[in-house]
Amino acid sequence: MKTTLFILLAAAPVLAVDFDQDIRPLLQHHCVECHGEKKLKGELRLDAKIFAFKGGHDGLAIVAGDTTKSLLLQRIKSTDDDERMPPKGEPLSPAQIALVQAWIQAGAVWPENAADKAATVDKRLQHWSVQPVRAVKDTSIDSLINAKLSEKNLSMSPAADRRTLIRRLSFDLVGLSPTPERVEQFVKDADPKAYEKLVDELLHSTQYGERWARHWLDIAHYADTHGFERDQLRPNAWRYRDYVIESLNADKPYDQFIREQIAGDVIAPNDPPAVIATGFLAAGPWDFVGQVETRSDMLRRAARAGDLDDMVTQVITSTMGITVNCARCHDHKLDPVKQEEYYKLWAVFAGAKRGDREVDSSEAKRISGEKARLAQELAAARAQIAKLAGDGLNLADMVGGGVKGRGIDLRTGNLTTGKLGYHRDIQTNRLQRIEWPAEVKEAERSVSWVFVPDGRNPVPVAPKQEVKGLPATSGHTWDAIRNGPLNAQRSTKFGGVDYAEKEHSILGLHANSGITFDLAKIRQSSGLGMIHFTAALGFGADASAAASRADFTVYVDAERKFQKLKMRKDEFTHLDVAIPATAKTLTLIATDGGDGIGSDLLFLGDARLVPDVEHSRLTDAEQEQLKQLRTQAVKLDASLKALPEPAKVYAIISEAQPPAIQVQRRGNPEDPQQEVQPGAFAWAHHASMDFGTNAMPEGQRRRMLADWITHPENPLTRRVLVNRLWHHHFGQGLVTTPSDFGLGGDKPSHPELLDWLADELLQSGWSMKHLHKLIVMSTAYQQQSASHNDTASRLDAQNRLLWRQNPRRLDAESVHDAVLSVAGTLNPAMGGPGYRDFNFTEAYAPIYDYITPDKPELLRRSIYRFVVRTTPHQFMSTLDCPDPANLTPARAQTTTALQALTLSNNEFMLQQAANLVTRIENETDSRAAAIRRAFLLCLQREPKTDEQSAATHLVAEQGLFALCRMLINANEFVYLD
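These notes cover the structure that comes with them. This is a predicted model, so every value here is computed, not measured.

**Side note on the overall build of the protein chain**
Moving on, step 1. Helix and strand counts for the protein chain stand at 34 helices and 28 strands.
Moving on, step 2. With the principal axes as the frame, the protein chain shows a C-alpha extent of 110 × 95 × 50 Å.
Moving on, step 3. Across the 977 residues in the protein chain, those meeting the buried criterion constitute 55%.
Moving on, step 4. Relative to all contacts within the protein chain whose residues are 6 or more apart in sequence, the contacts with residues 24 or more apart total 72%.
Moving on, step 5. Accessible surface, the protein chain: about 41800 Å² in total, of which carbon and sulfur atoms supply 51%.

This is the structure:
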């Protein structure tokens, strides 16, 4: 066999090979099954000329005239089972291999036939969703639906009654049930335009924005924490949520709404709402460990790759309904989106990072400048005070025994220069004596005790001396109490002063830690009498932790002299505490602000004990000058504290020089290929996909993408938006895959209607409220949902032809809000930070412990709930509230026993049932009236005769609570007809 193969291969160059007779049949029989149109292993196709010479993932399969570089020949010749082709069945015969080799050596001539020519036409480019929107004139929603129904000899169902319609409209447009009074008013209104007036009323309600913002935030996968293992808080993310609500209420044109969210900070940099809008790009999860904490460059690159993929996916999928992220590893399997085009979109966002940024840069600059001026004046005043009164005694030196960088270990009392880390198993409220080394003289041993406070009990600060009034702490701490910056401290500056400079000092005091100074010993060695404790107080935390909290308290003996609770990491203040000559101890305590010890890198700048003016040896004039300086310092400090903090939002921070982006082979950040320029994909050929070069500023790239997406001729953006609106009004879209308008998605049930709505959107100036009104005013929308039509059910069980309305279950948020509304406990307050219905404990992985809301501030609409990614709210998730780590264009709807148990027994439901009882008892004066009121509030109707009778017996036996509990568990309460 080997001899025969050698002879054949040696003779190959002189073989006369006919491609159509010898090679094409061989490829069709042995190769196309795995490398054809339907199956594309290794991204290699061998069924048509245009693809065969492109090669696949591993390189070129056919190189004309060069057999050594043609992978096809190498694979069919291989004897390695993992490499040889075809992988199954008998290998090619020596004669067949010789034919392929001879064909390649002779130039790999491949005459095109009809199949080859057909393959040059990409049928995917003819897909319906990327064709221009067809303007359909002189028609309506109902005429287009009726036309489809008539093809099947079907017709629409009768109109729903008014009680059903007002309930349907109210939940659809504002997400709440109507009041019994409004129901009765609508039912009895004889005006032919009563329904239209109701529609207008609901569309103009501020609750409309609260309802429809929920749908948009689902596809923005918004939450108030980062996600991933460190799932840290985003205290400033809420401003983006409020932007969405306000924009929808104002009926902001949809194209403007999209453009602002992608590039508002570039389009209108001095307009706060436009800057806040870019919170859209930052709304998704963010890997803090991979982006910030890791020391591995490889992990950092992987995290950044995930970050860019999330931004690109969110923007394109939410606006244009294309699953572009499928092209991260290879050309899209279904849609004509190339891998290179996907990375062009990466290049658009290459300079975009997530983080807190000022909402109004000019106002922030003004406040910063005013702070710097006041801080400098205060520092100058304090410098003159120190010069007149004497420099005093440096507390940082006392802590380190005179050695910079040395600190006291709270666990042992030993002095250490080592960088210590996280301590969680340390005994709280235990006084630890300092173990002074021999070189520290007795007179200089001014620190008596260190300790970790728990705040829940009186805290000992010295033997037989306890203090009260501290907030509760986690009992965990970090590093040591140190003469100098703490381990992991990022900054040594605040108020325009760098306290690490030679003429200044730092006393580092991480939460939770306390230190007690022996004032008697200090006076004995210094001769001081009445003194002042002065210092600047602030944090050395990373800017990303600016909104987390910590506390600082000062005690003189057992008396609390100063306390600053929940101080933010971007705040600072100045202390001036008078200490009488009889005081024995000075205690400084840092606590965690109730949110754990993360980033609680508190420090005191220039912490000193300085002599009081009355006890210094100054002339009368000098004493008067000192008194005036201290008065001035107090006023400056008050002015400094009175300055507001600049408003911030968690959004996009733009890098001046974005890094170049390269295609990543198989999506691997460690295998970069060719560099790309910013751009988009050519499939939607409404405008140029090229956005300049890599010299284009970061913001301008996003602006060009925003313009490309919202271009009036872009057929996808308008179709996707109107389909999303239809989906939420009918329970399913005209296209049932609302975020996939590609070849893997559904086809529209009514293509003409989809295009008519898309054209109406443009003609109305991109008004979403106009589309809402068109939809809900249609006869199709007003149909009954429970219509019995056996023929229609048989022909169209999924109701794709819309011969009736679709019954729908309320989503988790609507159930939550409706329960509060009928119970009379719903707090209507709009906007602002989200309510936190959990206890928060900061640890390496923060702990979110949910509580039953029982305060008005926790009983707001669920749109204002502080959403945690890694710890979903059990009540909400049981009712199918989606995971905010993912884009959710359509909610999953499950039916489980756990849902029934939750609605019946959850503490929130029981509590609100009791509140509903209280409301009804306050509003009625008899049992019969109470029962009627309960039905009207919960179901928007009077009880039927048998229901009134059964309810009367139930209330007589078990009380009104049993009836209220039953009604808010009824299918009629949680479903829309």
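**Observations regarding the side chain of D498**
Moving on, step 1. Assignment of secondary structure puts D498 in strand 13 (residues 497-498).
Moving on, step 2. Although D498 is buried, it forms no salt bridge, and the closest oppositely charged side chain is K493 at an N-O distance of 4.6 Å.
Moving on, step 3. Only 2.7 Å separates the side chain of D498 from the side chain of T492, close enough to count as a polar contact.
Moving on, step 4. Within the local environment of D498, its side chain forms a polar contact with the backbone nitrogen of A500, the two atoms lying 3.0 Å apart.
Moving on, step 5. Leave out the neighbours within four places in its chain, and D498 touches T492, K493 and H504.

**Some remarks on the pairing of strand 22 (residues 648-654)**
Moving on, step 1. Within strand 22, five of the seven residues are buried, which leaves the element mostly enclosed by the surrounding structure.
Moving on, step 2. Across seven bridges, the pairing between strand 1 (residues 352-358) and strand 22 is antiparallel. Within the sheet, the bridge partner assigned to A352 lies in strand 22 and is S654.

**Thoughts on the nonpolar core**
Moving on, step 1. Ranked by size, the top nonpolar core spans 120 residues in total, and within it F349, F681 and W726 carry the most contacts.
Moving on, step 2. Once you skip the residues sitting within four places of it in the chain, F349 turns out to touch L281, R304, L308, M311, V312, V315, R702 and L705.
Moving on, step 3. Ranked by size, the runner-up nonpolar core spans 44 residues in total, among them I434, L575, L588 and A607.

**A word on helix 9 (residues 180-188)**
Moving on, step 1. Here helix 9 has its buried residues at P180, R182, V183 and F186. The buried residues of helix 9 occupy one face: seen down the axis, they fall within an arc of 160°.

**Comments concerning the environment of G495**
Moving on, step 1. Along the chain, the position of G495 falls in the loop between strand 12 (493-494) and strand 13.
Moving on, step 2. C-alpha of G495 to C-alpha of H574: the two residues are 79 residues apart in sequence and 9.9 Å apart in space.
Moving on, step 3. Ignoring sequence-local partners within four residues, the contact set of G495 consists of A375 and F572.

**Some words on the sheet that holds strand 15 (residues 513-518)**
Within a sheet, each strand pairs with its neighbour through backbone hydrogen bonds, oriented either parallel or antiparallel.
Moving on, step 1. Taking strand neighbours across the sheet as the criterion, the six strands line up as 6-7-15-20-17-18 in an open arrangement whose pairing is antiparallel. Two strands in the sheet have a free side with no partner beyond their single neighbour: strand 6 (432-433) and strand 18 (559-568).
Moving on, step 2. Both strand 17 (residues 549-556) and strand 20 (residues 585-591) contribute to a ladder of six bridges, which runs antiparallel. Bridge pairing in strand 20 links Y555 to T587.
Moving on, step 3. On the sheet, helix 20 (residues 519-526) packs against strand 15 and strand 20 and is oriented at approximately 45° with respect to strand 15.

**Observations regarding the state of the cysteines**
Joining two cysteines, a disulfide is a covalent bond between their sulfur atoms.
Moving on, step 1. Under the criterion given, the structure shown has zero disulfides.
Moving on, step 2. Looking at C326, it has no disulfide partner, and the nearest cysteine sulfur is the one in C329, 9.4 Å off.
Moving on, step 3. Of the cysteine sulfurs around C964, a residue in no disulfide, the closest is that of C938, at 6.3 Å.
Moving on, step 4. Judged by its relative accessible area of 0%, C964 is buried.

**Considerations on the side chain of D307**
Moving on, step 1. Along the polypeptide, D307 turns up in helix 16 (residues 297-320).
Moving on, step 2. Looking at D307, its side chain comes within polar contact range of the side chain of Q291, at 3.5 Å.
Moving on, step 3. Aside from chain neighbours lying at most four places away, what touches D307 is P285, W286, Q291 and R354.

**Observations concerning the environment of A897**
Moving on, step 1. Mapped onto the elements, A897 comes out in helix 29 (residues 897-905).
Moving on, step 2. On the accessibility criterion, A897 (59% relative accessible area) is exposed.
Moving on, step 3. C-alpha separation for the pair A897 and G413, spaced 484 residues apart in sequence, amounts to 57 Å.

**Let's talk about the environment of E358**
Moving on, step 1. By secondary structure assignment, the location of E358 is in strand 1.
Moving on, step 2. In this structure, the C-alpha to C-alpha distance between E358 and V649, residues 291 residues apart in sequence, is 6.5 Å.
Moving on, step 3. Those residues in contact with E358 that sit more than four places away from it in its chain are V275, A364, P646, A647 and K648.

**Observations regarding the packing of aromatic side chains**
Moving on, step 1. According to the stated counting rule, one finds 31 aromatic pairs in the structure shown.
Moving on, step 2. Judged by centre distance (5.3 Å) and plane angle (85°), the ring pair of F681 and W708 falls under edge-to-face. Residue F681 is located in the loop between strand 24 (672-676) and helix 22 (698-709), and its partner W708 is located in helix 22; the two are separated by 27 residues in the primary sequence. Here the two residues F681 and W708 agree in accessibility, since each one is buried.
Moving on, step 3. Against the face of W803 rests R804, its NZ or CZ located 5.0 Å from the ring centre.
Moving on, step 4. The side chain of R860 reaches across the aromatic face of Y864, ending 4.4 Å from its centre.

**Details of the packing of helix 31 (residues 927-939) against helix 32 (residues 945-958)**
Moving on, step 1. Here helix 31 crosses helix 32 at 115°, and the two axes come no closer than 10 Å. Every pair of crossing elements has a handedness; the one defined by helix 31 and helix 32 is right-handed. For the pair helix 31 and helix 32, the contacting residues are R927, A928, I931, R932 and F935 in the first and E947, Q948, A951, T952, V955 and A956 in the second.
Moving on, step 2. Partitioned by chemical class, the residues of the contact of helix 31 with helix 32 number six nonpolar, two polar and three charged.

**What about the pattern of salt bridges?**
Moving on, step 1. Taken as a whole, this structure holds 55 salt bridges when the rule is applied.
Moving on, step 2. Close ionic contact of D310 with R354 constitutes a salt bridge, the shortest N to O distance being 2.9 Å. Residue D310 is located in helix 16, and its partner R354 is located in strand 1; the two are separated by 44 residues in the primary sequence. Considered together, D310 and R354 belong to a single accessibility category, that of buried residues.
Moving on, step 3. Where D409 meets R411, a salt bridge forms, and the shortest distance between an N and an O atom there is 3.0 Å.
Moving on, step 4. With relative accessibility at 8%, the residue D409 sits in the buried group.
Moving on, step 5. Linked through salt bridges whose partners overlap, the residues forming this network are D58, R75, R665, R666 and D671.

**Some thoughts on unusual backbone geometry**
Moving on, step 1. Cis rather than trans, the peptide bond between M85 and P86 has omega equal to -5°.
Moving on, step 2. With respect to the secondary-structure elements, P86 resides in the loop between helix 4 (71-77) and helix 5 (94-105).
Moving on, step 3. A cis amide bond links A511 with the next residue in sequence, N512, at an omega value of 0°.
Moving on, step 4. When you line up the elements, N512 lands in the loop between strand 14 (506-508) and strand 15.
Moving on, step 5. One non-glycine residue, D138, adopts positive backbone phi at about 50°.
Moving on, step 6. The topology assignment puts D138 in the loop between helix 6 (114-119) and helix 7 (141-151).
Moving on, step 7. Given a relative accessible area of 83%, D138 falls into the exposed group.
Moving on, step 8. You will see that D880, though not glycine, has its phi angle at about 75°, which is positive.
Moving on, step 9. Relative to the helices and strands, D880 is located in the loop between helix 28 (874-878) and helix 29.

**Structural notes on helix 13 (residues 254-267)**
Moving on, step 1. With 14 residues, helix 13 should reach 20 Å at 1.5 Å per residue; the first-to-last C-alpha distance of 15 Å falls well below that figure.
Moving on, step 2. The largest bend in helix 13 amounts to roughly 70° and is located at Q261.
Moving on, step 3. With ten of 14 residues buried, helix 13 lies mostly within the body of the structure.
Moving on, step 4. Within helix 13, the full set of buried residues consists of Y254, F257, I258, E260, Q261, I262, A263, G264, D265 and V266.

Scoring rules and cut-offs
- Residues numbered from 1 in each chain as written.
- Predicted model: local features only at pLDDT ≥ 70, side-chain atom pairs only at ≥ 80, totals over all residues.
- Heavy atoms only, no water.
- Helix = DSSP H or I, 4+ residues; strand = E, 2+ residues; numbered from the N terminus.
- Buried < 20%, exposed > 50% of the residue type's maximum accessible area, 1.4 Å probe, protein only.
- Contact = heavy atoms within 4.5 Å.
- Areas by Shrake-Rupley, 256 points an atom, 1.4 Å probe, with all protein chains shown as cover.
- Lys, Arg positive; Asp, Glu negative; His and termini not counted.
- Salt bridge = Lys/Arg side-chain N within 4 Å of Asp/Glu carboxyl O.
- Polar contact = N/O pair within 3.5 Å; in protein donor to acceptor, adjacent residues only side chain to side chain.
- Pairing = 2+ DSSP bridges.
- Core = buried A, V, L, I, M, F, W, Y, C linked by side-chain atoms within 4.5 Å.
- Arc of directions from axis to C-beta.
- Axes fitted to C-alpha atoms, helices over the stretch in contact; angles between N-to-C directions.
- Disulfide = S-S within 2.5 Å.
- Phe/Tyr/Trp six-rings, centres within 6.5 Å; stacked < 30°, edge-to-face > 60°.
- Lys NZ or Arg CZ within 6 Å of the ring centre and 35° of its normal.
- Left-handed = near helix turned anticlockwise from the far one by under 90°.
- Nonpolar A, V, L, I, M, F, W, Y, C, P; charged D, E, K, R; others polar.
- Expected span 1.5 Å × (residues − 1).
- Bend = angle between axes of the 7 residues up to and from the residue.

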